[in-house]
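As a plain string of letters, each chain reads:
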Amino acid sequence: MGRLSTNKLVIANPFSDEQMRLLGEFEREYGIEQQIVSALETTRRTTTEEEYESKSKYNNEVDIVLLEIENDKVTDCCNIQAARDIKTCSIFFAPIKQRKSRSIINMSTDYALNVLGMEEVFVSIDSTDKYMMSNLETRNFENLGEENGYITYLKEKQDQTVQSSFIQLH
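What you see is a predicted model, and the numbers here were worked out from it, not measured in a lab.

Peer 1: Explanation requested: the pattern of salt bridges in the structure shown.
Peer 2: Side chains carrying opposite charge are able to pair once their charged atoms draw close together. Counted under the stated rule, the structure contains five salt bridges. Here Arg21 ties to Glu25 by a salt bridge, and the two come within 2.4 Å at their closest N and O atoms. With a gap of four residues between them, Arg21 and Glu25 both fall in helix α1 (residues 17-30), about one helical turn apart. For Glu25, a relative accessible area of 35% translates into the label partly exposed.

Dropping the structure here:
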């Protein structure tokens, strides 16, 4: 009998060498060219771990990277930028083309709405990314229209039902 695959959602810790290594492997595999790692390395260079943790808990602005990890490998990731006072956030998914299904969409949306307490989640995608359009629309995101080659989608809290029973945050 095969080993069960376990997906978990983890907040990226810029001070974790192991997470940075796994994220670097993910970026190389998908040709993302160190965008996410370099942003986290900047955080690592400009703040202490204690300051980072304090900011993450208490600042009005939230800026975190969530990693989907399966079998000790980063399989997907996204960035959440949120404002606690107005309970609104934007989620930016890693630019992975041709991926038919992305479970991180449900996991990160659940996290934003139910853990961070957001009321609205916005996602902006390249208008040529048919797979992401399909992923968002099947998850009941509302298409708000296209501007400058990007389509913006909205998910509001009252529309949200918790679908991810496998969220584990560390």
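Peer 1: Quick question: what am I supposed to make of the pairing of strand β3 (residues 73-83) here?
Peer 2: Two faces belong to every sheet, and in a regular strand the side chains alternate between them. Among the eleven residues that make up β3, nine are buried, leaving the element largely enclosed by the rest of the structure. The pairing of strand β2 (residues 61-70) with β3 spans ten bridges and is classified as antiparallel. By the bridge assignment, Ile64 is partnered in β3 with Ile80. What sits between β2 and β3 in their antiparallel hairpin is a turn of two residues, with Asn71 showing a positive phi close to 50 degrees. As paired elements, β3 and strand β4 (residues 88-93) share six bridges and run antiparallel to each other. Its bridge partner lying in β4, Ala82 is registered against Cys89. In this antiparallel pair of consecutive strands, β3 and β4, the connection spans four residues, and Lys87 shows a positive phi of 55 degrees.

Rules of the game
- Residues numbered from 1 in each chain as written.
- Predicted model: local features only at pLDDT ≥ 70, side-chain atom pairs only at ≥ 80, totals over all residues.
- Heavy atoms only, no water.
- Salt bridge = Lys/Arg side-chain N within 4 Å of Asp/Glu carboxyl O.
- Helix = DSSP H or I, 4+ residues; strand = E, 2+ residues; numbered from the N terminus.
- Buried < 20%, exposed > 50% of the residue type's maximum accessible area, 1.4 Å probe, protein only.
- Pairing = 2+ DSSP bridges.

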